[in-house]
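Residue strings, one per chain:
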Amino acid sequence: TNQYPLTLLMAYGHCLSAVAFYLAACWLWTAQTVTRLLRWLAWGSLPLLGLCLLQVANLDPFFKHFGGAQLHDPLVGMLGNPSHLAAHLVLLLPCYLAQGGWWWAAVALSGGLVLLAGSLPAQVIFLAILLTWLIHQEPKWVLTVPLVILVGVLWLAYHPAVLMNHGRFAIWQRLWPYAMQQPLQGLGLGAMLGLSQSVPELATWRHAHNEFYQVWL
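Owing to the predicted nature of the structure, the values given are computational and were not obtained by experimental measurement. (Residues numbered from 1 in each chain as written. Predicted model: local features only at pLDDT ≥ 70, side-chain atom pairs only at ≥ 80, totals over all residues. Heavy atoms only, no water.)

A. Structural context of helix α6 (residues 120-137). With 18 residues, α6 ought to run about 26 Å at 1.5 Å a step, and its terminal C-alpha atoms sit 26 Å apart, in line with that. Among the residues of α6, those classed as buried are Leu120, Ala122, Phe126, Leu130, Leu131 and Leu134. The buried residues of α6 all sit within an arc of 165° when viewed along its axis, so they share a single face. Exposed side of α6, more than 90 degrees from the buried face: Pro121, Thr132 and His136 are the residues found there. Residues of α6 that are buried sit in contact with α4 (82-99), α5 (104-117) and α7 (145-158). (Helix = DSSP H or I, 4+ residues; strand = E, 2+ residues; numbered from the N terminus. Expected span 1.5 Å × (residues − 1). Buried < 20%, exposed > 50% of the residue type's maximum accessible area, 1.4 Å probe, protein only. Arc of directions from axis to C-beta. Contact = heavy atoms within 4.5 Å.)

B. Region of the structure containing the packing of helix α3 (residues 46-56) against α5. Taken N-terminus to C-terminus, the directions of α3 and α5 make an angle of 45°; their axes are 11 Å apart at the nearest point. In terms of their interaxial angle, α3 and α5 are classed as oblique. For α3 against α5, the interelement crossing comes out left-handed. Residues Leu49, Cys52, Leu53 and Val56 of α3 form the contact with α5, whose participating residues are Ala106, Leu109, Leu113 and Leu116. (Axes fitted to C-alpha atoms, helices over the stretch in contact; angles between N-to-C directions. Parallel < 35°, antiparallel > 145°, perpendicular 65-115°, else oblique. Left-handed = near helix turned anticlockwise from the far one by under 90°.)

C. Summary view of the packing of aromatic side chains. This model, assessed by the stated rule, comprises six aromatic pairs. Seen from their ring centres, Trp43 and Trp102 are 5.8 Å apart, and the 65° between their planes marks the pair as edge-to-face. Note that Trp43 is positioned in helix α2 (residues 31-44) and Trp102 in the loop between α4 and α5, a separation of 59 residues in sequence. Residue class for Trp102 comes out exposed when judged on its relative accessible area of 51%. For the pair Trp102 and Trp103, a centre-to-centre distance of 4.4 Å together with 25° between the ring planes defines the contact as stacked. Classification of Trp103 by relative accessible area gives buried; the value is 5%. Put simply, the rings of Trp43, Tyr96, Trp102 and Trp103 touch in pairs and so form one group of aromatic residues. (Phe/Tyr/Trp six-rings, centres within 6.5 Å; stacked < 30°, edge-to-face > 60°.)

Shown next, in the form of structure tokens:
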């Protein structure tokens, strides 16, 4: 590892995995395959929901006092990060919606957990997926979209603190000169990791916290 930057191969491996997954889906999957996958993903996520309930109840046996002494267990799921947990739950939402029946309880539970996790993007996407599903089932739900948008805008107007960027805008501005060095082809796979190891201001930023920026780099 002293001669070869193996960590840079992570991004390459992720890209190859995405291509392999897409090809496998196109060549091998049928409608029945998708139905079975959604069903097993839904069932397989139940331990995650159970762990989240333990964390909410301050009974987490795994991430107890994660990140230092705290009065309450953090809601971090199995990933150790509340934002990543919220994204995970959003990805599971279509699996629950596809099952119907009592799985609506899982929809409600995951929605509550996304709210408690405090990730605004995840909350917006969760609501968008849910509304899209409802509109697909009953077109009259489209009438609620303007109302939801209006309520969201008014809520943000009175709670601007939720839009705190945690220093990301400054980091994106710092990354701009590097992105413009190779604006068309980028700096190569693993560029952000390399910059974090060579630019002091980026030492704690292993990724750009912006997928479009990450791919551009």
